[in-house]
Each structure stands twice: as C-alpha cells, then as structure tokens.
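Read off the chains here:
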Amino acid sequence: MTNETCTADGNAVVVADLHKSYGQVRAVRGVSFTVRHGEIFALLGPNGAGKSTTLEILEGFRTRDSGHVEVLGIDPGDRAGERELRERIGLVLQDIAVEPHLTVRETIARDAGYYRAPRDVDEVIGLVGLTEQRRRKVRSLSGGQKRRLDLALGMIGDPSLLFLDEPTTGFDPAARQGAWELVRRLRAAGTTIVLTTHYMEEAQQLADRVAVITGGRIISEGTPATLGGRDSARARVRFALPDGCTLEGIPVAAGESVAGPERDELVTVETAEPTGTLHRLTGWALAAGAVLEGLTVERPSLEDVYLRLTGSSGTDAYENDPAGTDPSSTVLEESAR
Ligand SMILES: Nc1ncnc2c1ncn2[C@@H]1O[C@H](COP(=O)(O)OP(=O)(O)OP(=O)(O)O)[C@@H](O)[C@H]1O
C-alpha cells in the first residue's frame, strides 16, 4: 500500500518562488503551488511554458537556481534524500529508455527489482491492459502500447506520488479512457498524482485542481470548473429562429444580448441568468406554437478558458467550440416542444 508521508502541513508537494534559467532563457520565473496529499494536480501550458522544467526539478533530475521545493517532505535537490525519493515516487516521462529486446513482462519485472515493496508484476500488466502483449518484445509494441508500458513502469514501485508527463499522448480514444480509469483508481487507492497534459478534456476528467503556466509563471489556478471565472461566465443560449419570427421579436431582458443567425443558422442570446432566459424564450416559442430547433445552453469549456488565459486564441474560441464537446454544455434539443 502507499506510504502516506507528506510535508508537515499535509501537502505532498510544496513549491515556493521557484526559479530556473538555461543561460539567457528564464524557463521558470517565480512558480509557487502546493499539491495536497491524495489529489490529482494538473500543470497546463503551451509548449515551452516551463512545465517539464518544473517537473524535472521536483523529480530531482534538474537543479534549481532558487526557491523552496519539498516532495513528500524531501528536498529533491538534496542528494541525501535521493534514494528515498526514488523509492517513493513514480515517473511516466515523455521519453523513457527501455531495452527493446526485452519482453513487456521482463521489462516490468526488472524494474520491480529496483524497489523494496513493488506491486505484483502481472497485476500491473493487467491494470495497464498489456496482458495479451506480455510476452512480446518491447520493440514490437505500437506507440500507444509503449505508453502503457511507461505507465506500468511508473506504478510498479507502488509510489505515494506519481508524476505523469503527457501520459496519454498517442493513445486511441478507448486506451485513453482506460488510462483515465486507471489514474482514478490510483487516486482512490491514495496515490497523489501530478500530471501535465495538452488535452483539456484530460484535465477536465481527471484533475482536482489545475494551474496554468505560461512564460515560466503561473497565471491562473483553480478547479477545472472554476478556472479563470469559468463558472460565472455568461452562458450562450442558441437556437434556430422559428419560421415567421424575427430577431427583433425575440424577448430579451436587461443585460442580455442577441446575435445571429450565424453560419449554422442559429441565433445566440448571451445571458448571466440562463434559467430566466430559457423560461422566457420557451414561453415565447410555445405561445407562438413554435419549436426552438437545436436549442442548447453552453458555458465556456475548459479549453475556451485556457485559450483565453494563454492568449492562444486568434479568434473567439467560444464561437468555434463544437456543440457537445464541452461536458458543461447542456443540450436541450426540442425541449420547447
Ligand atoms: N536543457 C535545456 N537547455 C536550454 N533551454 C531549455 C532546456 N530545456 C528547456 N529549455 C527551454 O526552457 C523553456 C521551458 O521549457 P520546458 O521544456 O520546461 O517547457 P514545457 O512547458 O515543458 O514545454 P512542452 O509542452 O513543449 O513540453 C523553453 O524555452 C525551452 O526551450
């Protein structure tokens, strides 16, 4: 079972005012965050933001210029704690060197030998879904299967804290769902998880808290539901204008705005109070004997908020979010019938 030692204040990870430069490149510029014991914490950010540098410092692979770092109560920059840190953390990095001529089972069994109390090799093979491939040479695995092997190697030591650097890159959708389920099970068993990902849906699905890092600084932090004021953002009610109705005829209250119809022939009512807005709109449609075809209520997805925060969106990303990709989008098709 996992070893639950953490820092004195109950955090598995503490980072305070961390700095790291590579020559003239200031990769990490005053990053601070904490990861509570037993939670899944996601670091999000564009390429070159400083995520890997931060993780590598936490993992003890890179020295820092300044700042305070504690991982399970150990300073990863202190060589005296290196052995204990290796024993208690698990790593799924972007590039893990494995011997191509070994089989899947041999590879995992060999790594199990490095730990005092490893998990059962065949159980781990089963958990990552490689039972059928366990006798195959590593060199013959597909990209997604290799990534599953990486996951197996990350968890074989039964770590208290698992670092996952873009864990599902290259996975097909079913394998990704399987990996998410596995990560949730690890958390349920008490493992703390720090992950980086470029998939906002992955952060939405897994993370208890996320931090967005760009230019070496954390620019926003919160739960996936509240990041960047996402929970209080204005909602968009969208529907097709019923035959015979005009834009001007749509009943709007103070503070609401109407726009459209757009390319998809839907009009948009922006509102801070979608409950009242829906009530008014559906009442209006029913009174006219009409149906609001394609009726949806959408709030900005995590990806919309992320793109706004990181300034990566050239256009209004919210406009481009396909209906149904956002778990917070509520589809109410033909509810006015
Ligand atoms: N070994 C290195 N030597 C010099 N510069 C480096 C080194 N590693 C990273 N950098 C630079 O530091 C900055 C942060 O890089 P880092 O790899 O931490 O970003 P990242 O957020 O992990 O990016 P990605 O999402 O692409 O993996 C970048 O400008 C990068 O070019």
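About the thresholds
- Residues numbered from 1 in each chain as written.
- Predicted model: local features only at pLDDT ≥ 70, side-chain atom pairs only at ≥ 80, totals over all residues.
- Near = placed C-beta within 6 Å.
- Helix = DSSP H or I, 4+ residues; strand = E, 2+ residues; numbered from the N terminus.
- Buried ≥ 20, exposed ≤ 12 C-beta atoms within 10 Å, placed from the backbone.
- Pairing = 2+ DSSP bridges.
- Right-handed = clockwise from strand over helix to strand, strands pointing away.
- Expected span 1.5 Å × (residues − 1).
- Arc of directions from axis to C-beta.
- Contact = placed C-beta atoms within 7 Å.
- Domains from an automatic or database assignment.
- Axes fitted to C-alpha atoms, helices over the stretch in contact; angles between N-to-C directions.
- UniProt positions renumbered as here; feature names shortened; annotations may be inferred.
- Core = buried A, V, L, I, M, F, W, Y, C linked by C-beta atoms within 7 Å.

(A) Representation of the site of the ligand in the model. What surrounds the ligand is the set Tyr22, Val25, Ala27, Gly45, Asn47, Gly48, Ala49, Gly50, Lys51, Ser52 and Thr53. At the level of elements, strand 2 (25–36) and helix 1 (51–58) are the ones that each hand at least two residues to the shell around the ligand. Take the shell around the ligand: its biggest share by element is three residues, from helix 1.

(B) Molecular detail of the pairing of strand 6 (residues 161–165). Across the five residues of strand 6, five count as buried, placing the element largely inside the fold. Residues Leu161, Phe163 and Asp165 line one face of strand 6 and the alternating positions Leu162 and Leu164 line the opposite face, and both faces are buried. Taken together, the four bridges between strand 5 (residues 89–92) and strand 6 define a ladder with parallel strand orientation. Residue pairing in the sheet places Gly90 in a bridge with Leu162 of strand 6. Bridging between strand 6 and strand 7 (residues 192–196) involves five bridges; their strand directions are parallel. Its bridge partner being in strand 7, Leu164 is matched across the sheet by Leu195. Read as a crossover between parallel neighbours, the route from strand 6 over helix 6 (residues 173–188) to strand 7 is right-handed.

(C) Representation of helix 6 in the model. Its 16 residues place the ends of helix 6 23 Å apart at the C-alpha level, agreeing with the 22 Å of an ideal helix rising 1.5 Å per residue. Listed as buried for helix 6 are Arg176, Ala179, Val183 and Leu186. What you see down the axis of helix 6 is that its buried residues fit within an arc of 80°, all on one side. Facing away from the buried surface of helix 6 by more than 90 degrees, the exposed residues are Pro173, Ala174, Glu181, Arg185 and Ala188. Here the buried face of helix 6 lies against strand 3 (40–44), helix 5 (143–155), strand 6, strand 7 and helix 7 (200–206). Residue Gly190 follows helix 6 closely and has a positive phi angle near 105°.

(D) View of the domain arrangement of the protein. Here the domain parsing of the protein yields domain 1 (11–224) and domain 2 (229–331). Domain 1 and domain 2 are separated by 38 Å when their C-alpha centres are compared. Those elements that place two or more of their residues in the side of domain 1 that touches domain 2 are helix 7, strand 8 (209–214) and strand 9 (217–222). At three residues, the largest contribution of residues to the side of domain 1 that touches domain 2 is made by helix 7.

(E) Quick look at the sheet that holds strand 1 (residues 11–22). A sheet is described by the order of its strands in space; here three strands give the open sequence 2-1-4, paired in antiparallel fashion. If you trace the sheet from one side to the other, it starts and ends with strand 2 and strand 4 (66–71), each paired once. Each neighbouring strand pair of the sheet contributes to a mean axis angle of 20°, computed without reference to strand direction. The pairing of strand 1 with strand 4 spans five bridges and is classified as antiparallel. Residue pairing across strands places Val15 opposite Val69, the latter belonging to strand 4. Contacts from helix 1 reach strand 1, strand 2 and strand 4 within the one sheet, and its direction differs from that of strand 1 by about 120°.

(F) Representation of the UniProt feature "domain: ABC transporter" (unreviewed entry) in the protein in the model. In the numbering used here, UniProt assigns the feature "domain: ABC transporter" (unreviewed entry) to residues 13–240. A helix fraction of 29% and a strand fraction of 29% characterise residues 13–240, whose end C-alpha atoms lie 50 Å from each other.

(G) How the structure looks around the nonpolar core. Counting residues in hydrophobic clusters, the biggest one holds 63 residues, and the most contacted among them are Ala42, Val124 and Ala152. The residue makeup of this core includes at least three contributed by each of domain 1 (11–224) and domain 2 (229–331). Residues contacting Ala152, with those up to four places away along its chain left out, are Ile108, Val124, Ile125, Val128 and Leu130. Of all hydrophobic cores here, the second largest spans eleven residues; its members include Ala235, Phe239, Leu266 and Val269.

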